[in-house]
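Listed here are the chains, written in short residue letters.
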There are 2 protein chains.
Amino acid sequence: MKCARCKEKAFEKFRGRYYCTNCFIKKYEEAVKSTIKRYKMIKEGEKILAALSGGKDSVAMLSVLSRFGFDLEALHIDLGIGDYSRKSLEISNKIAEILNVELNVVSLKSYGFTVDDVKKKECSVCGNAKRYLMNRFARENGFDVIATGHCAEDILSNFFKNLYSGNVEWSEKQKPRIEGFDKIVTRIRPLYEMSERENLLYVMARDLPFLYEECPKAPSTRWKEIIYDIERKVPNFKINCLRTLARERERKLEDYRYCKVCGEITTTEICQFCRNVMKFRNPQLR
Amino acid sequence: MKCARCKEKAFEKFRGRYYCTNCFIKKYEEAVKSTIKRYKMIKEGEKILAALSGGKDSVAMLSVLSRFGFDLEALHIDLGIGDYSRKSLEISNKIAEILNVELNVVSLKSYGFTVDDVKKKECSVCGNAKRYLMNRFARENGFDVIATGHCAEDILSNFFKNLYSGNVEWSEKQKPRIEGFDKIVTRIRPLYEMSERENLLYVMARDLPFLYEECPKAPSTRWKEIIYDIERKVPNFKINCLRTLARERERKLEDYRYCKVCGEITTTEICQFCRNVMKFRNPQLR
């Protein structure tokens, strides 16, 4: 197999054609750039905080953003999940060094608990903590947008999960750019249209280190498998659905207030993060 | 197998337990009644126009509504699809007689075209014509709500189809009761939570005639198959998703106006039905 662009030895397929490593990298980065443009994800002069876990998706995202020359720093959140978190932090440090991006680290431990104190089926605690800490760090440090490494399958499986579990905000949150308001910082998803497979091949092509290991607390992949299955039966299912979701009109959050404990935005008296802190607080960490 | 309620010979399973014919009918009708209640589908004194095609779903719906003693008439729309439409009308007449419900018939032919003039892939023409004629007939004849026989799989496959094809109103219309406004009459779906299988077994249990034949212009069933497939993998997928959709907040249609040709409500200068009439008009029908 030869590269469709330069006739060098092919590395892998990207959207129907084979490319060599260099051309694969080029095509992938062009695709991310056009996704960012299509959805007007980044406005001129915006300072970006990129969430970096050390997995293939966040590594791919940080790498692409750093090569586009944006005003950029990274944030790693240490969730305290034993060996997994130790390795995550190690790789995040390595990646930040390779890409020459400043890395910030926030540790959940400083709030008195870690995700190790949380049962596997309470996995929403982890997502809540990440969103809370990212938002607070970004705002308190003058960032305009938070970039996360959500890929196409992440967005769609979140969508299905919310639809299935009756989450009221099931569709609004699955957008490439969600405008901030009040204390909430704008969030963007530069890899909105990229698949997991494409992200993996990109970090491999660029020979970047990444954490291959799955988080031991990771939720089941059943929704992702369902999405792959539908895509096999209905080609372009993923991309078409994502573009519909992206076009969805936004609705305003009508009733928000400030958490009595920490002052962050919430719809309840005490925000979910503070309720989790109270529930899972571990005296040994104090 | 014995009936779980009366120990008579079992007929079929309904939501996990076997019932005899009579108890199956009872359980099914109770389920429809509780769906109508749950979603406050019918308000006191409302006059209902039930759409009757003659297929299993619409026959089941009309039968249940007639047994609940609502103020009720039926409407059959003759789309002019050759032999299929002839049989549909015949069965609709029979059903109306058996159930002692007044049947109204509107013919698409009187507008100068039939669905026979339309290519199979233009199947949205048929749905548009049905909605248009139902709405107009209901309003002009003083009905408060239009009831259609959409079952759980219909709602979900419409939802998926819209999500896939980028239809802007992809989620709002998949509700058990859609309030009318201006010239639009309220629509309800009494079988919102009933499956095709349950509807079929009900009409069989009641020994009612129905048109088994599929419409020759019927769209592919691939979305329904996908929904069955997901339900096998994730039990309660259908019911959970339907309840999420039902809870979705409504958004107002912001820019509507009146069609320059017929005066019905539309978002464009000339409504889709009138554009279809112009496109497919068949001089032989005039």
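These numbers come from a predicted model, not from an experiment. (Residues numbered from 1 in each chain as written. Chains lettered and ligands numbered in written order. Predicted model: local features only at pLDDT ≥ 70, side-chain atom pairs only at ≥ 80, totals over all residues.)

Describing the overall build of chain A
Helix and strand content of chain A: 9 helices and 10 strands. Taking 19 Å as the expected radius of gyration for a compact globule of 286 residues, we find that chain A reaches 19 Å, a close match to that expectation. With respect to the principal axes defined by its C-alpha atoms, chain A has extents near 60 × 40 × 40 Å. Put simply, chain A has 286 residues, and 40% of those count as buried. Counted over contacts in chain A with a minimum sequence separation of 6, partners at least 24 positions apart contribute 70%. (Helix = DSSP H or I, 4+ residues; strand = E, 2+ residues; numbered from the N terminus. Rg over C-alpha atoms; globule rule 2.2 N^0.38 Å. Buried ≥ 20, exposed ≤ 12 C-beta atoms within 10 Å, placed from the backbone. Contact = placed C-beta atoms within 7 Å.)

Regarding the UniProt feature "binding site: Zn(2+) 2" (unreviewed entry) in chain A
Residues and elements named next belong to chain A. This chain's UniProt record puts "binding site: Zn(2+) 2" (unreviewed entry) on Cys259, Cys262, Cys271 and Cys274. Sequence-wise these annotated residues cover 16 residues; spatially they are packed, their C-alpha atoms never more than 8.3 Å apart. Relative to the helices and strands, Cys262 is located in the loop between strand E9 (257–258) and strand E10 (265–266). Since 16 C-beta atoms lie within 10 Å of it, Cys262 is described here as partly exposed. When sequence neighbours within four positions are dropped, the list of residues in contact with Cys262 reads Cys271 and Cys274. Beyond its immediate chain neighbours, meaning those up to four positions away, Cys274 contacts Cys259, Val261 and Cys262. (UniProt positions renumbered as here; feature names shortened; annotations may be inferred.)

Points about the sheet that holds strand E5 (residues 102–107) of chain B
Through backbone hydrogen bonds, the strands of a sheet pair up, either in parallel or in antiparallel fashion. Residue and element names in this part refer to chain B. Spatially, 6 strands are ordered E5-E4-E3-E6-E8-E7 in an open sheet, and the strand pairing comes out mixed. The sheet terminates laterally at E5 and strand E7 (177–178), the two strands that pair on one side only. Pairing geometry for strand E4 (residues 71–78) and E5, over 6 bridges, is parallel. If you follow Ile77 over to E5, its bridge partner there is Val106. The sheet contacts of helix H3 (residues 82–99) involve E4 and E5, and relative to E4 the element is tilted by about 165 degrees. (Pairing = 2+ DSSP bridges. Axes fitted to C-alpha atoms, helices over the stretch in contact; angles between N-to-C directions.)

Thoughts on unusual backbone geometry
All names here are of chain B. With phi around 45 degrees, Arg15 is a residue other than glycine that occupies positive phi space. Among the structural elements, Arg15 can be located in the loop between strand E1 (12–14) and strand E2 (17–19). Notably, Asp207 is not glycine yet its phi reads approximately 60 degrees, a positive angle. By the element assignment, Asp207 lies in the loop between helix H6 (196–205) and helix H7 (222–233).

Here's the deal with helix H6 (residues 196–205) of chain A
Residues and elements named next belong to chain A. Considered for burial, the residues of H6 that qualify are Glu198, Asn199, Leu201, Tyr202, Val203 and Ala205. Structurally, H6 contributes buried residues whose contacts are with strand E1 (12–14), helix H1 (21–38) and helix H2 (56–67). At the C-terminal side of H6, Asp207 shows a positive phi close to 60 degrees.

A few points about the packing of helix H8 (residues 237–247) of chain A against helix H5 (residues 152–165) of chain B
Running from N to C, H8(A) and H5(B) cross one another at 85 degrees; their axes reach a closest spacing of 6 Å. If you check the angle between H8(A) and H5(B), you find them roughly perpendicular. Taking contact as the criterion, the partners of Phe237(A), Asn240(A), Cys241(A) and Thr244(A) in H8(A) are, on H5(B), Leu163(B), Tyr164(B) and Ser165(B). Among the residues forming the contact of H8(A) with H5(B), the class breakdown is 4 nonpolar, 3 polar and no charged. (Parallel < 35°, antiparallel > 145°, perpendicular 65-115°, else oblique. Nonpolar A, V, L, I, M, F, W, Y, C, P; charged D, E, K, R; others polar.)

Regarding the sheet that holds strand E5 (residues 102–107) of chain A
All names here are of chain A. Judged by pairing direction, the sheet is mixed, and its 6 strands sit side by side in the order E5-E4-E3-E6-E8-E7 without closing on themselves. The strands lining the two open edges of the sheet, one partner per strand, are E5 and strand E7 (177–178). Alignment of E7 against strand E8 (residues 186–188), held across 2 bridges, turns out to be antiparallel. By the bridge assignment for E8, Ile178 is matched with Arg187.

Quick look at the domain arrangement of chain A
All names here are of chain A. Split into domains, chain A comes out as domain 1 (1–38) and domain 2 (41–212 + 220–285). The distance between the C-alpha centroids of domain 1 and domain 2 comes to 26 Å. With 13 residues of domain 1 at the contact, the number on the domain 2 side is 15 residues. Counting residues per element, the ones that place at least two in the side of domain 1 that touches domain 2 are E1 and H1. Broken down by element, the side of domain 1 that touches domain 2 gets its largest block of residues, 10 residues, from H1. The residue inventory of the side of domain 1 that touches domain 2, partitioned by class, reads 8 nonpolar, 2 polar and 3 charged. (Domains from an automatic or database assignment.)

Side note on the UniProt feature "binding site: ATP" (unreviewed entry) in chain A
Residue and element names in this part refer to chain A. Within this numbering scheme, the UniProt entry marks Ala51, Leu52, Ser53, Asp57, Ile77, Gly149 and Asp154 as carrying the feature "binding site: ATP" (unreviewed entry). Relative to the helices and strands, Ala51 resides in strand E3 (residues 47–51). If we skip the residues at most four places from it in the chain, Ala51 touches Ser58, Leu75, Met134, Ile146, Ala147, Thr148 and Gly149. Following the sequence through the fold, Asp154 ends up in helix H5 (residues 152–165). Judged by the 20 C-beta atoms lying within 10 Å of it, Asp154 falls in the buried class.

Description of the pairing of strand E4 (residues 71–78) of chain A
All names here are of chain A. Looking at chain direction, E3 and E4 are connected through 5 bridges and run parallel. Its bridge partner lying in E4, Ile48 is registered against Leu72. This β-α-β element, E3 to H2 to E4, shows right-handed connectivity. The β-α-β motif built from E4, the intervening helix H3 (residues 82–99) and the parallel element E5 has right-handed crossover chirality. (Right-handed = clockwise from strand over helix to strand, strands pointing away.)

Digging into H7(B)
Compared with an ideal rise of 1.5 Å per residue, which puts 12 residues at 16 Å, H7(B) spans 17 Å between its outermost C-alpha atoms and is within 8% of the ideal. Residues of H7(B) that are buried include every one of Trp223(B), Ile227(B) and Ile230(B), and no others. End-on view of H7(B): buried residues confined to an arc of 65 degrees, all on one side of the axis. In this structure, the buried side of H7(B) is in contact with helix H7 (222–233) of chain A together with H5 and helix H8 (237–247) of chain B. (Expected span 1.5 Å × (residues − 1). Arc of directions from axis to C-beta.)

Quick word on the nonpolar core
With 150 residues, the main nonpolar core has Ala50(A) and Ala50(B) as its most contacted residues. Mapping this core onto the domain boundaries places at least three of its residues in each of domain 1 (1–38) and domain 2 (41–212 + 220–285) of chain A. (Core = buried A, V, L, I, M, F, W, Y, C linked by C-beta atoms within 7 Å.)

Section: the environment of Asn167(B)
Positionally, Asn167(B) belongs in the loop between H5 and E7. Sequence separation between Asn167(B) and His76(B) is 91 residues; the distance between their C-alpha atoms is 28 Å.

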